[in-house]
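# Examining the three-dimensional arrangement
The lines below spell out each chain.
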Amino acid sequence: MEPRNLARSFARIVETHKLRPIRVDDLRHTAASLLKKLGVAPRDAMEILGHSRISVTMEIYTHGRRESRENVLKRVTGLFE
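Computed from a prediction, not measured in an experiment: that's the story for all the values here.

Rules behind the numbers
Residues numbered from 1 in each chain as written. Predicted model: local features only at pLDDT ≥ 70, side-chain atom pairs only at ≥ 80, totals over all residues. Heavy atoms only, no water. Helix = DSSP H or I, 4+ residues; strand = E, 2+ residues; numbered from the N terminus. Rg over C-alpha atoms; globule rule 2.2 N^0.38 Å. Buried < 20%, exposed > 50% of the residue type's maximum accessible area, 1.4 Å probe, protein only. Contact = heavy atoms within 4.5 Å. pLDDT = per-residue confidence, 0-100. Patch = residues over 30% accessible without salt bridge, like charges linked within 9 Å, V, L, I, M, F, W, Y side chains within 5 Å. Areas by Shrake-Rupley, 256 points an atom, 1.4 Å probe, with all protein chains shown as cover. Salt bridge = Lys/Arg side-chain N within 4 Å of Asp/Glu carboxyl O. Polar contact = N/O pair within 3.5 Å; in protein donor to acceptor, adjacent residues only side chain to side chain.

## Section: the overall build of the chain
Across its full length, the chain holds five helices and zero strands. For the chain, the N- to C-terminal ordering of α and β elements is α-α-α-α-α. Against the compact-globule benchmark of 12 Å for 81 residues, the chain has a radius of gyration of 17 Å, which places it well outside the compact range. In terms of principal-axis extent, the alpha carbons of the chain reach across some 55 × 30 × 15 Å. Buried residues in the chain amount to 17% of all 81 residues. Considering only intrachain contacts with a sequence separation of at least 6, the fraction spanning at least 24 residues in the chain is 35%.

Here you go:
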């Protein structure tokens, strides 16, 4: 599918269903973050998202979660107790 046609079709779906305006690329970010949350291996996520390099997947498309950071910090604190 030609990218402009995909973007136009997606915009129509968003408008038809009265959704908050988002870009098609935002869906990729969301998908990457969900794959990370599900514990999908980075190499598998890279292939699912169609990236040529794993660094793209890890640095651009995945976003950390506050709960995850808090959990890690609690575990580190537990090392000193």
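Next, the rest of the story.
## Quick look at the confidence of the model for the chain
Averaged over every residue, the pLDDT of the chain is 85; the share at 70 or more is 94%. Within the chain, helix α5 (residues 66-79) has the poorest average pLDDT of any element, 81, and helix α3 (residues 42-49) the best, 91.

## A look at unusual backbone geometry
Located in the positive-phi region is K18, a residue other than glycine, with phi close to 55°. Using a relative accessible area of 73% as the deciding quantity, one classes K18 as exposed.

## Things to note about a nonpolar patch on the surface
A surface patch of nonpolar side chains, amounting to about 440 Å² of accessible area, comprises V72, V76, L79 and F80. Judged by relative accessible area, which is 38%, V76 ranks as partly exposed.

## Some words on the side chain of T57
Note on placement: T57 falls in helix α4 (residues 54-61). Classification of T57 as buried rests on a relative accessible area of 1%.

## Some details on the side chain of H51
Within the element layout of this structure, H51 appears in the loop between α3 and α4. Residue classification places H51 among the buried positions, given a relative accessible area of 11%. Of note is the side chain of H51, whose polar atom sits 2.7 Å from the side chain of R28. Of the polar contacts made by the side chain of H51, one reaches the side chain of T57; its length is 2.6 Å.

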